[in-house]
Amino acid sequence: MRSKGLIDAGMLEKDGEEFKWTGEHGIDSAEAFLNDPLVQERVFATHVDKVKEFLRNKGATSHVGQEIEGIEGKITITMNGLIGAAHREGAGGINQYLTHLEKHGWKSDPDTFPENKRDMFLRVETRLRLLQDVPLLKDPAP
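Being a predicted model, the structure only gives us computed values, none of them experimental.

## Details of unusual backbone geometry
Leaving glycine out, the prevailing phi sign among residues is negative, and the prevailing peptide bond configuration is trans.
Consideration 1: Positioned with a positive phi, His25 is a non-glycine residue whose angle comes to about 60°.
Consideration 2: Along the polypeptide, His25 turns up in the loop between strand E2 (18–21) and helix H2 (30–34).
Consideration 3: Looking at His25, the relative accessible area reads 38%, which means it is partly exposed.
Consideration 4: Phi angles above zero are rare outside glycine, and Trp106 is one such case at about 60°.
Consideration 5: Its place among the elements puts Trp106 in the loop between helix H4 (79–103) and helix H5 (118–131).
Consideration 6: Overall, Trp106 belongs to the buried group, its relative accessible area being 15%.

Put into structure tokens, the structure is as follows:
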């Protein structure tokens with residue numbers, strides 16, 4: 001089991017060519033992690049916070065509210081869309097996609113996508129489209 005989220009949360013670290021469990025939250029194996037839903041929630045929250053930070057650092061969050069002409073119609077860039085897309089493609093991939101769209105008048109056209117980024121750009125756009133109407137959850141009150 002290897003996941004960027006687990007690495008971001010300090011649960012896994014690279015040891016040579018392998019990944020090993022760090023013992024964070026008392027977890028030392030995939031089985032222990034999968035049997036502890038509370039730790040899974042903590043790890044997910046930590047991962048989402050890191051994704052948001054990466055998106056802010058790359059400037060992607062400045063585009064929240066921006067409307068683009070997507071392949072299947074208009075899309076409004078939302079924080080949930082950015083988080084969902086970055087979870088899959090990384091904040092750098094989101095930044096590349098948004099930079100490309102900006103250069104092309106905020107219109108998505110696969111014919112203009114760089115060949116080596118085409119599939120990634122299509123996945124980013126799909127996430128942005130599918131998650132644009134999902135309401136942003138508020139942090140629970142203490």
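## A look at the nonpolar core
Nonpolar side chains tend to gather and get buried jointly when the protein is soluble and globular.
Consideration 1: Leu55, Ile68, Leu82, Ile94, Tyr97, Leu98 and Val124 are the most contacted members of the largest nonpolar core, which totals 23 residues.
Consideration 2: Elements with a contribution of two residues or more to this core: helix H3 (37–58), H4 and H5.
Consideration 3: If one sorts the elements of this core by residue count, H4 sits on top with 10 residues.
Consideration 4: Sequence-distant contacts of Leu55, that is, excluding residues within four places in its chain, are made with Ala60, Thr61, Leu82, Ile83, Ala86, Ala91 and Ile94.

## Concerning the pattern of salt bridges
Consideration 1: In the structure shown here, the tally under the stated rule is six salt bridges.
Consideration 2: In this structure, Glu67 engages Lys74 in a salt bridge whose closest nitrogen and oxygen atoms are separated by 3.9 Å.
Consideration 3: Judged by relative accessible area, Lys74 falls into the exposed class, the value being 52%.
Consideration 4: Arg88 is paired through a salt bridge with Glu89; the nearest N and O atoms lie 3.4 Å apart.
Consideration 5: Residue Arg88 is classed as partly exposed on the basis of its relative accessible area, which comes to 49%.
Consideration 6: Judged by its relative accessible area of 17%, Glu89 falls in the buried class.
Consideration 7: Members of the salt-bridge network, linked through shared partners, are Glu67, Glu69 and Lys74.

## Some details on the pairing of E2
Consideration 1: With four bridges connecting them, strand E1 (residues 12–15) and E2 associate as antiparallel partners. Along E2, the bridge assignment pairs Glu13 with Lys20.
Consideration 2: A loop of two residues connects E1 with E2, the two strands running antiparallel in sequence, and Gly16 in this loop sits at a positive phi of about 70°.

Reading guide: rules and limits
Within every chain, residues take consecutive numbers counted from 1 along the sequence as written. Residues qualify for local features only when their pLDDT is at least 70, as the model is predicted, and side-chain atom pairs are given and counted only at 80 or more; totals for whole chains, interfaces and linings, by contrast, use all residues. Each side-chain value is worked out from all heavy atoms of the structure, with water and hydrogens disregarded. Runs of H or I in DSSP of at least four residues are treated as helices and runs of E of at least two as strands, each being numbered from the N terminus. Think of it in three bands: with a 1.4 Å probe and only protein chains considered, a residue is buried below 20% of the maximum accessible area for its type, exposed above 50%, and partly exposed in between. The definition of a nonpolar core used throughout is a set of buried Ala, Val, Leu, Ile, Met, Phe, Trp, Tyr and Cys residues joined through side-chain atoms within 4.5 Å. Contacts: residue pairs with any heavy atoms within 4.5 Å of one another. Take a side-chain nitrogen of Lys or Arg and a carboxyl oxygen of Asp or Glu: if they are within 4 Å of each other, that pair is a salt bridge. Strands pair, by our definition, only if DSSP identifies at least two bridges between them.

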